[in-house]
Structure formats: structure tokens, C-alpha cells
Amino acid sequence: MFGQGLIKGLQITWGRMFDKKQTVKYPFEKIEMFPRYHGRFELDVDKCIACGLCANACPNKVIQLEKEKVDKKQFLTKYIMRIEYCLFCGLCVEACNKDALKFSNIIDMNQYRRSWVRLTLVDRPAPEPTETPEEETPAKEAKSEAAAGQAPGKEG
Amino acid sequence: MKTETYTLNLGPQHPSTHGVFRIILELDGETVVKATPVPGYLHRGIEKLAEARTYTQVIPYTDRMDYMAAMLMNWGYVAAVEKLMDIEVPERAEYVRVIVGELSRIASHMIATGAYGGDIGALTAFTYTFRDREYVLDLLEMVSGSRMTFSYFRIGGVAADLPEEFFPAVRKFLGELPAMCDEYDGLITGNEIFQARTKQVGIITPEMGINYSLSGPTLRGSGVNYDLRKVRPYGIYDRFDFDVPLGQNGDCFDRFRIRIDEMRQCKRIIEQALDQIPEGPIMAKVPKVIKPPVGDAYAEVESSKGVYGCYVVSDGSPKPYRVHFRRPSYINLGYLGKLCEGWKIADVIAILGSIDIVLGEVDC
């Protein structure tokens, strides 16, 4: 009979009408991301040895890092990700031997201006090489500064 | 009475061209006299970009071709490099590839099904397939961390093993898949208006399909039994038992219908793979810096759109000398101009939708 298919389609849509909702009201409700989710990058500065493997692994030259030599050790002074060019492929995270660079599951990286998109993970001065006992303190302070000085509006 | 033909520009900004694609139609009234497809609006030069990247760094770019089934795009490229370097992929990695590849195929066919419904005017179907596609993407996100451009394959294996929570989740999804397909069948396939729009429209004869080198569901809709997974099994596809759905008339309806049937077959393949998957490593022993010997290699896989091939030439350096991709959408599109001749404007939309192109792949 002609029209049977149409009736069947209507039955399906009517049945689904009283189904449970499939979506969430996004800014107010958020769904949990999976542990492997490729979200915003996180850098553990204590673990990072400024080897630059991540920067070399990147297909798009997203990662720019600057380092200084302090007491025969490389000291990371600047770690900037040009996130506007990032493909989120995860090759940098995979390249990291020290487990310092990681993905978090923060999804909202949107900004109002293009210049704010750039992700500054570390921006700190190198400590004085001669004063060994005080070397720790400025580095720690700078780290908290760097955390505060990340791209503005990171919470939303 | 003397009449004149006129030209109508379909696209590049038109929702039913699935992206930025333009067809210049020469019309006599509503009938198409000549159709000239104009691709290239999404050209990014991926093949050229690949020449300035190391072998591993090319993988994220292959994602951006057919972003509906990015896993399969990864597969073709890594298969070519593995062939070039003579790398044997571990068993488990092969199974993982089949599982995620077939899930990707389901995701791609869901888009094709829903978007085709949307093209014809059944927009409800679009929302249904996209709802279900999210479940597939959840699974793939669990595995790879991304929802669209996965970059999950590596030369010699895959990036990470399947997580524990993946197995119950994929079984649950596969259990629901037949009901989903039945729903699409009830909503679209059985709909008389849809059938009137698509049956006996845009017929591709088997001879013409072969002559124009079509592949994938576009060719199988004409009844040509050509599926790479069967005729030239790559990877471990010879171990699975599945059917190749075939059409009879080669019209838009057949091309559409077999995609839903293929999803059901994907379910069979994944279930067998889940049962058979062995323990073991997921990466072959590959040097840190990949430097294939001088030479070239061509590998092809059956992507969701057809035969996807990748040709890699190495000059012994860590960067490929030349990479070429045989993109099935682009080659399937070659017949579009001829196929549209003699049909009405509304049929052009139906024909274009039934070929299931994705512009990222057409323009590369």
C-alpha cells in the first residue's frame, strides 16, 4: 500500500519524541571527557629538561621554546605553543621522554582575540648561576607566575 | 519555438554540495544539458606539504582528507610506508586497525546516509544518524583522544593500545547497531517519497562504472562485486567472514541502500575481530628516525568511499620525496558530469549526494 513507509517513519519519530534527551545544555552542563582526550596542553616544568624533542616532533612548528644554560644544566625559560596552528595530533606528547608534556581534558580554549589564543606554558627568567642555595626559590615563584600568566580567560 | 539554454551555478556555497564544490549547469528549462564540476576550492596541497615533513609527521595531514573516516586515511598512508620499509605489523595492531577502521567506516556511512536523507528533503534522518554517529565517535575518542582527526595510526602499528573500558562499550554499541540501521531503513529507505526521488535516477551501468574507474559503494551499487577487502585482502581481512552488499540497478537508491547494509557487515567484522584479538605488542620495532630505503611503494585500502591508494617515493632521507594519494571521492566525481546529463536540477542533488563525496578528499 502506498504510504505505508511514511506511516512507519512517523511511528519511529513519534516513538523517539518521548525518549530521553540526547544532548546537554552545554555551558551549564558539561560531559566528562575520556582520559585520553586531546584537550589543552599541560607542561610539568619540574620534569621538563628542555630537550626540544616535542618541538621537533611537531608537524606544524607550533612549539617555540627558549632555554638557558645554568650550572651545566639546561633551564627552560620560555615555552610557547602557537595553538592556533596546532593539529592536536599528539605527536609532541608522544615524543616527550620525561612525561612532562601532557594533554588535559579542558576543552574550552576559545578566545575573543586571536592574540590571546597563544598558549604560554612557561615564561620565567633563568636563575643566577652562582647562588646555588637560592636557585630553587626564584624558579618556583616564576612557575606560579607562569601558571597565572597563561592565556587569559582560560576558565571559560 | 526557439529556446536557449542558460547557465546556473550550483555552489560553491551550497549545503547539498557537502562543502565547497561547484557545478556549472547548462540548463534547458529544468533539464541539464551539460554539467561541469569545478573542484579545488578546498585545495590545501597536502601532497606538497608532505614533502617538507618527516614520515611520521605526514600522518596528521592524511586525517584532513576524508575527515569522515580519518582512521582509514591514516591506514592507507602507513601501509605504503610499511611496504616501503618492509615492516611487519604485530598481530594485535592489525586487529586494532581493523576494529577502529571499521568503526570509522560506520561513522562515515552514517554521515552518508543521514546527509543523503537531508539532501532529498528528509532532514529528520540527518539528526538520527548524527545522534548515532556520536556513539561511534565516543568509542574512537576513547581510543585515540580525538573525535574527528584521530592521527591514531603509526608506521609499524598504532599509537596506543585499546583501553579496558573500550571493549564493553564497543560490544554495547554493536548490540544497538542493527536497531539503528532498522531505524534508518524505516525512516528513509522505506519512505515512498524518497524512493520516488531516487529509484531509477542517475543510473550507472556496470560497464561505465568500471570504465570511469569508480570504486566503493558507488561501483558496488551497480552490482560490480569489487571490494578490496575481498578481492585483494590487505592486512588481515582474509580472516573475516563477511558479505559484500551489492545493488542491482545502479541507481541512486541502490547506492544509498548498500551503505546501510555495509554498516551491518561492519558489525560482523568488528565482532569477529573482538573475539579473535590476541595479546601482544602494538608497535613493530621501528627506528626512531624513519629513513626508508630508496625506492617507491604503493598501498591501497578500501576506504568508506572506495579504493584509497597511497604512493610514496623515498630518496633515502627522513622526508618523503613525493607522496601521492589516490582519493576515491575525486575519482568517483569524474563521472558526475556525464551522469547528470539529461536529468532535472533536483536530480543533480540526488545524484551528487548518492556518490557521497567529501571535499577534503576531493581537493586534498
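The following paragraphs examine the structure supplied in this document. (Residues numbered from 1 in each chain as written. Chains lettered and ligands numbered in written order. Predicted model: local features only at pLDDT ≥ 70, side-chain atom pairs only at ≥ 80, totals over all residues. Heavy atoms only, no water.)

**Quick notes on the overall build of chain B**
For clarity, the threshold we go by: Secondary structure is summarised from DSSP: a helix means a run of H or I of at least four residues, a strand means a run of E of at least two, and numbering begins at the N terminus for each. We compute the radius of gyration over the C-alpha atoms and compare it with the globule rule, which gives 2.2 Å times the number of residues raised to the power 0.38. Throughout, exposure labels follow a simple rule: accessible area from a 1.4 Å probe, protein chains only, divided by the maximum for the residue type, with under 20% read as buried, over 50% as exposed, and the rest as partly exposed. Every residue pair with non-hydrogen atoms within 4.5 Å of one another is taken to be in contact. Neither His nor the chain ends contribute to the count of charged residues, in which Lys and Arg are positive and Asp and Glu negative. Taken as the charge location is NZ of Lys, CZ of Arg, CG of Asp or CD of Glu.
Along the backbone of chain B there are 15 helices and 10 strands. Over its C-alpha trace chain B gives a radius of gyration of 21 Å, about what one expects of a compact globule, namely 21 Å for 364 residues. A burial count over chain B gives 60% of its 364 residues as buried. A sequence separation of at least 24 residues applies to 72% of the contacts in chain B between residues at least 6 apart. Here chain B carries 40 positive and 48 negative side-chain charges, and the mean point of each set is 4 Å from the other.

**Some points on the layout of surface pockets**
We count it as follows: The definitions used throughout rest on a 1 Å grid laid over the protein atoms alone, on which a cavity is an enclosed set of points accommodating a 1.4 Å probe that cannot get out and a pocket is an open set flanked by protein within 12 Å on both sides along at least five of seven lines; lining residues are those having an atom within 4 Å of a point. Grid points are joined across faces, edges and corners, and a volume is the space filled by probe spheres set on the points. Gly falls in the polar group here, along with every residue not listed as nonpolar (Ala, Val, Leu, Ile, Met, Phe, Trp, Tyr, Cys, Pro) or charged (Asp, Glu, Lys, Arg).
Of the volumes computed, that of the largest pocket is approximately 1000 Å³. Within the residue set of the lining of the largest pocket, elements represented by two or more residues are α1 (4-17) of chain A together with α5 (123-144) of chain B. A total of seven residues in the lining of the largest pocket trace back to one element, the largest contributor, which is α5 of chain B. Of the residues contributing to the lining of the largest pocket, the split by class is 14 nonpolar, eight polar and 12 charged. Lining of the second largest pocket is provided by 23 residues; of these, Ala57 and Ala95 of chain A together with Thr56, Lys288 and Val289 of chain B occupy positions nearest its centre. Contributing elements (two or more residues each) for the lining of the second largest pocket: α2 (53-57) and α3 (91-95) of chain A. Its residues assigned to classes, the lining of the second largest pocket shows 15 nonpolar, five polar and three charged.

**Let's talk about the environment of Phe325 of chain B**
Residue and element names in this part refer to chain B. You can see Phe325 is positioned in strand β10 (residues 322-326). With 243 residues separating them in the primary sequence, Phe325 and Glu82 have C-alpha atoms 16 Å apart. The contact partners of Phe325, leaving out residues within four places of it in the chain, are Ile46, Glu47, Thr62, Met65, Tyr77, Tyr308, Gly309, Cys310 and Cys364.

**Description of the interface of chain B and chain A**
This is how the line gets drawn: Put simply, buried area is the surface a 1.4 Å probe can reach on two separate parts but cannot reach once they are joined, added for both. A pairing counts as a salt bridge when a side-chain nitrogen of Lys or Arg comes within 4 Å of a carboxyl oxygen of Asp or Glu. Residues adjacent in sequence count toward polar contacts only when both atoms are side-chain atoms; beyond that, a polar contact is any pair of N or O atoms within 3.5 Å, and within protein one must be able to donate a hydrogen and the other to accept it.
On the chain A side, the residues contacting the 34 residues of chain B number 29 residues. Where chain B abuts chain A, roughly 2400 Å² becomes buried across the two surfaces, and 53% of that area is made up of carbon and sulfur atoms. Looking at the side of chain B facing chain A, the largest losses of area belong to Gln57, Glu141 and Glu192 of chain B, adding up to 21% of the total buried there. Run the count over chain B and chain A and you get two salt bridges. Along the contact surface separating chain B from chain A lie 19 residue pairs in polar contact (both at pLDDT 80 or more). Contributions of two or more residues to the side of chain B that touches chain A are made by α2 (59-63), α5, α6 (166-189) and α7 (192-198) of chain B. The biggest single contributor to the side of chain B that touches chain A is α5 of chain B, with nine residues. Residues that form the side of chain B that touches chain A fall into these classes: 12 nonpolar, 11 polar and 11 charged.

**As for the environment of Gly121 of chain B**
In this fold, Gly121 of chain B is placed in the loop between α4 (91-120) and α5. Sequence separation between Gly121 of chain B and Arg197 of chain B is 76 residues, and the spatial gap between their C-alpha atoms is 9.9 Å.

**With respect to the pattern of salt bridges**
All names here are of chain B. Scanning the entire structure with this criterion turns up 37 salt bridges over all chains. Measuring nitrogen to oxygen at the nearest pair gives 2.8 Å for the salt bridge that ties Arg131 to Glu183. Highlighted residues: Arg131 in helix α5 and Glu183 in helix α6, separated in sequence by 52 residues. Given the relative accessible area of 11%, Glu183 is considered buried. Among the ionic pairs, Glu176 bridges to Lys172, the shortest N-O distance being 3.7 Å. Taken together, the residues Glu176 and Lys172, both in helix α6 and four residues apart, mark about one turn of the helix.

**Regarding unusual backbone geometry**
Of note, the phi angle at Asp86 of chain B is positive, near 60 degrees, even though the residue is not glycine. The topology assignment puts Asp86 of chain B in the loop between α3 (70-85) and α4.

**Looking at empty space enclosed by the protein**
All names here are of chain A. Enumeration according to the criterion identifies three cavities of 30 Å³ or more in this entry. Looking at the largest cavity, its volume works out to about 90 Å³. If you trace the largest cavity, you find 14 residues lining it, with Cys48, Ile49, Cys51, Cys54 and Cys96 closest to the centre. By residue class, the composition of the lining of the largest cavity is 12 nonpolar, one polar and one charged. Considered as a void within the structure, the second largest cavity measures approximately 70 Å³ in volume.

**A short note on a nonpolar patch on the surface**
Our working definition: Only residues whose relative accessible area exceeds 30% and that form no salt bridge are eligible for patches; like-charged ones are grouped when within 9 Å, while nonpolar side chains (Val, Leu, Ile, Met, Phe, Trp, Tyr) are grouped when within 5 Å. Here the accessible surface of atoms and residues is derived via Shrake-Rupley with a 1.4 Å probe, and residues count as covered only by protein chains that are part of the display.
A cluster of nonpolar residues, Leu10, Trp14, Met17 and Phe18 of chain A, forms a patch on the protein surface that exposes about 530 Å² of accessible area. Locating Leu10 of chain A in the fold gives a position in helix α1.

**Thoughts on helix α11 (residues 252-276) of chain B**
What counts here: The length a helix should cover is 1.5 Å for every residue beyond the first.
The end-to-end C-alpha separation of α11 of chain B is 37 Å, in line with the 36 Å expected for 25 residues at 1.5 Å each. In terms of burial, α11 of chain B is largely enclosed, as 18 of its 25 residues are buried.

**Some thoughts on the sheet that holds strand β2 (residues 63-70) of chain A**
Residue and element names in this part refer to chain A. Quick note on the threshold: Being paired, for any two strands, means DSSP has found at least two bridges between them. Only C-alpha atoms enter the line fits that serve as axes; for helices the fit covers just the stretch in contact. Angles between N-to-C directions range over 0 to 180 degrees.
Ordered in space as β2-β3-β5, the three strands form an open sheet in which the pairing is antiparallel. Whereas interior strands pair on both sides, the edge strands pair on one side only; in this sheet they are β2 and β5 (119-123). Pairwise comparison of adjacent strand axes, ignoring direction, gives a mean angle of 20 degrees for this sheet. Note: β2 against strand β3 (residues 73-81), eight bridges, orientation antiparallel. The partner of Val70 across the bridge, within β3, is Lys73.

**Quick look at the side chain of Glu300 of chain B**
Residue and element names in this part refer to chain B. Tracing the chain through its elements places Glu300 in strand β8 (residues 295-302). Here the side chain of Glu300 touches Arg232 through a polar contact of 2.4 Å, side chain to side chain. Side-chain polar atoms of Glu300 contact the side chain of Tyr298, separated by 3.3 Å.

**Side note on the packing of aromatic side chains**
For the record, the criterion: Only the six-membered ring of Trp is used, alongside the rings of Phe and Tyr, when aromatic pairs are assigned; centres must lie within 6.5 Å, and planes under 30 degrees apart are stacked while those over 60 apart are edge-to-face, with the rest tilted. Any Lys NZ or Arg CZ found within 6 Å of a ring centre and within 35 degrees of that ring's normal is scored as a charge over the ring.
Inspection of the entire model under this criterion finds 19 aromatic pairs over all chains. Here Phe41 of chain A and Phe88 of chain A contribute two aromatic rings whose centre-to-centre distance is 5.7 Å and whose plane-to-plane angle is 20 degrees, an arrangement assigned as stacked. Of this pair, Phe41 of chain A sits in strand β1 (residues 41-43) while Phe88 of chain A is found in the loop between β3 and α3, placing the two residues 47 residues apart along the sequence. The exposure classification of Phe41 of chain A matches that of Phe88 of chain A, with both residues buried. Between Tyr237 of chain B and Phe242 of chain B the ring centres are 6.4 Å apart and the planes differ by 70 degrees, which places this aromatic pair in the edge-to-face class. Across this residue pair, the class does not change: Tyr237 of chain B and Phe242 of chain B are buried. An aromatic cluster is built from Trp75, Tyr95, Tyr152, Phe153, Tyr234, Tyr237, Phe240 and Phe242 of chain B, whose rings are joined through pairwise contacts. Above the ring of Tyr237 of chain B, the side-chain terminus of Arg229 of chain B is found at 5.9 Å from the ring centroid. Directly above the ring of Tyr330 of chain B sits Arg327 of chain B, whose terminal nitrogen or CZ lies 5.0 Å from the centroid.

Note that every value here comes from positions in space, so none of it alone points to a role or purpose.
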